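Commentary on secondary and tertiary structure
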Number of protein chains: 2
Amino acid sequence: MDDEHQRTRRPGGRSARVGAAVHQAVSDLVGERGYSGFTVSEVAARAGVADTTVYRRWGSLEALLADVTLTRLNAQSPMPDTGSLAGDLHTYAAQVARVITGPDGLAVLRLAVALSGTGPDDLRTRDDFLADRARQLQSMLDRAADRGEQPPDALTVVDHVMAPMYIRVLFGAGPLTAEYVAGLVDRLLSNPARPSGA
Amino acid sequence: MDDEHQRTRRPGGRSARVGAAVHQAVSDLVGERGYSGFTVSEVAARAGVADTTVYRRWGSLEALLADVTLTRLNAQSPMPDTGSLAGDLHTYAAQVARVITGPDGLAVLRLAVALSGTGPDDLRTRDDFLADRARQLQSMLDRAADRGEQPPDALTVVDHVMAPMYIRVLFGAGPLTAEYVAGLVDRLLSNPARPSGA
């Protein structure tokens, strides 16, 4: 680890290359075989790294899959900035609905909830992702407050807009129509306050 | 199938005995080894039936696990009948919170969302369970309407009381405090109407 090659590496050097190669290998294998059709060894071989490199960095195949899919999910759904709270929430809710009902949506949601937490980093990936999204959502709500609007807090958005959509998809309970998604946001906007104690 | 033994079987005969033996075997194995520590063959051996009997009736280990756990879940949380909508909803929400944060709660929720739908009956068990619960919930809401109260519809209860609790447990996002759970019900009762189009 402290030989000359390591000491002279550039920022974004070997570690970033390994990350990119492993992510690409996973994406390719998911595309070819689906989410449960390959092993850590196959990912490592295709990425040109040792199995132990993958285990050391991600802890398990589940955690690696979660990292890859959540990274992609994040890239697919940036937080909107439309100039109004209603516009932002409607746009964001519609975007989440599109992603989770898309071709990989159910698989990604299942991965996120299936992480067992038995490996050292199993849950870190998911929790980092969730914390990241919570911060982005909070920024959106802070912008609304700065404009003099009365935004709900981030957990209330998650509870009453995201959670109903996630649960419908996870339990296969009916489609997320545009009317249904908009209705969740309208309902929240009509009562943005969080009940005391919640 | 049409020999004398079969023709003279009583209602609740061999089929019910097989069901009970298999359920018991699964419960025992879950208790001894957790949810992912055994195979269909081990269940069948312990229940004294052929592997094919289990596959024919349940389709997969996942579907069998879901059947056993959802049957138990149903038995653990009967619908309340307290005489008021608020009382029923507060009691029901607290009961669900207790079950899903209990020792098997997360495992049961994960099982319910992990069913792959690839086997012939994989999803039937879960969907039967969900339909059953929806009917029970509807009866509770119908009783409220009969008393002259203004109940929300069942899907709105699921979206705004059950879904937030399920998602918090599934994503490991904080405890379900009594105040939080009661707050979800209070919020719903303050706005029981479903937005148009939802």
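What counts, and at which threshold
Residues numbered from 1 in each chain as written. Chains lettered and ligands numbered in written order. Predicted model: local features only at pLDDT ≥ 70, side-chain atom pairs only at ≥ 80, totals over all residues. Heavy atoms only, no water. Phe/Tyr/Trp six-rings, centres within 6.5 Å; stacked < 30°, edge-to-face > 60°. Helix = DSSP H or I, 4+ residues; strand = E, 2+ residues; numbered from the N terminus. Buried < 20%, exposed > 50% of the residue type's maximum accessible area, 1.4 Å probe, protein only. Contact = heavy atoms within 4.5 Å. Expected span 1.5 Å × (residues − 1). pLDDT = per-residue confidence, 0-100. Patch = residues over 30% accessible without salt bridge, like charges linked within 9 Å, V, L, I, M, F, W, Y side chains within 5 Å. Areas by Shrake-Rupley, 256 points an atom, 1.4 Å probe, with all protein chains shown as cover. Salt bridge = Lys/Arg side-chain N within 4 Å of Asp/Glu carboxyl O. Lys, Arg positive; Asp, Glu negative; His and termini not counted. Charge placed at Lys NZ, Arg CZ, Asp CG, Glu CD. Arc of directions from axis to C-beta. Core = buried A, V, L, I, M, F, W, Y, C linked by side-chain atoms within 4.5 Å. Domains from an automatic or database assignment. Buried area = accessible area lost by both parts, 1.4 Å probe. Polar contact = N/O pair within 3.5 Å; in protein donor to acceptor, adjacent residues only side chain to side chain. Nonpolar A, V, L, I, M, F, W, Y, C, P; charged D, E, K, R; others polar.

Section: the packing of aromatic side chains
- By the definition in use, this model includes two aromatic pairs over all chains.
- Seen in terms of ring centroids, A:Phe171 and B:Tyr166 are 5.8 Å apart; in terms of plane orientation they differ by 45 degrees. Their pairing is tilted. Pair noted here: A:Phe171 is in the loop between α9 (154-170) and α10 (178-190) and B:Tyr166 is in helix α9 (residues 154-170), and the two residues belong to different chains.
- The exposure class assigned to A:Phe171 is buried, which follows from its relative accessible area of 7%.

A short note on the environment of B:Gln95
Residue and element names in this part refer to chain B.
- Within the fold, Gln95 resides in helix α6 (residues 85-100).
- Taking C-alpha positions, Gln95 is 6.4 Å from Ser77, a pair spaced 18 residues apart along the chain.
- Discounting chain neighbours no more than four positions away, the residues touching Gln95 are Ser77, Pro78 and Pro80.

Remarks on helix α5 (residues 61-76) of chain A
- With 16 residues, α5(A) ought to run about 22 Å at 1.5 Å a step, and its terminal C-alpha atoms sit 22 Å apart, in line with that.
- Here α5(A) has its buried residues at A:Ala63, A:Leu64, A:Leu65, A:Ala66, A:Asp67, A:Val68, A:Thr69, A:Leu70, A:Leu73 and A:Asn74.

Examining the confidence of the model for chain A
Residue and element names in this part refer to chain A.
- Taken residue by residue, chain A gives an average pLDDT of 83. The fraction at 70 or more is 85%.
- Averaged pLDDT values over the elements of chain A bottom out at 46 in helix α1 (residues 4-7) and peak at 96 in helix α3 (residues 40-47).
- Across residues 1-9, where pLDDT falls below 50, the model places four contacts with residues more than four positions away in sequence or in other chains.
- Across the whole predicted complex the pTM is 0.78, and at the interface the ipTM reaches 0.77.

Notes on a positive patch on the surface
Residue and element names in this part refer to chain B.
- On the surface, Arg14, Arg17, Arg56 and Arg57 cluster together into a patch of positive charge.
- Those elements giving two or more residues to the positive patch turn out to be α2 (14-33) and α4 (51-58).
- The residue Arg14 is located in helix α2 in this model.
- The class of Arg14 is partly exposed, set by a relative accessible area of 39%.

Looking at helix α4 (residues 51-58) of chain A
Residue and element names in this part refer to chain A.
- What α4 keeps buried is the set Thr53, Val54 and Trp58. Considered in projection along α4, the buried side chains sweep an arc of 100 degrees and stay on one side of the axis. What points out from α4, more than 90 degrees from its buried face, is the exposed set Thr52 and Arg56.

Brief notes about the nonpolar core
- Ranked by internal contacts, the top residues of the largest apolar core, which has 64 residues, are A:Met165 and B:Met165.
- Once residues lying within four places of it in the same chain are set aside, the contact partners of B:Met165 are B:Ala93, B:Val96, B:Ala97, B:Ile100, B:Leu176, B:Tyr180, B:Val181 and B:Leu184.

Points about the domain arrangement of chain A
Residues and elements named next belong to chain A.
- Examined at the domain level, chain A breaks down into domain 1 (1-59) and domain 2 (60-198).
- The partner domain 2 presents 16 residues to the 15 residues of domain 1 that form the contact.
- In this assembly, domain 1 packs against domain 2 so that about 1300 Å² is buried in total across both faces, 67% of it on carbon and sulfur atoms.
- At the junction of domain 1 with domain 2, the criterion picks out zero salt bridges.
- Taken together, domain 1 and domain 2 are joined by three residue pairs in polar contact (both at pLDDT 80 or more).
- For the side of domain 1 that touches domain 2, the secondary-structure elements that each account for two or more residues are α2 (14-33), α3 and α4.
- The leading source of residues in the side of domain 1 that touches domain 2 is α2, at five residues.
- Partitioned by chemical class, the residues of the side of domain 1 that touches domain 2 number nine nonpolar, four polar and two charged.

Let's talk about the pattern of salt bridges
- On inspection of all chains with the given rule, the structure shows twelve salt bridges over all chains.
- A:Arg147 serves as the salt-bridge partner of A:Glu149, at 3.0 Å between the closest nitrogen and oxygen.
- Salt-bridge contacts for A:Arg168 lead to B:Asp159; the nearest nitrogen and oxygen are separated by 3.3 Å. Of this pair, A:Arg168 sits in helix α9 while B:Asp159 sits in helix α9, on two different chains. B:Asp159 matches A:Arg168 in its accessibility class, with the two residues each being buried.
- Three or more residues joined by partner-sharing salt bridges are found here, namely A:Asp81, A:Asp88 and A:Arg143.

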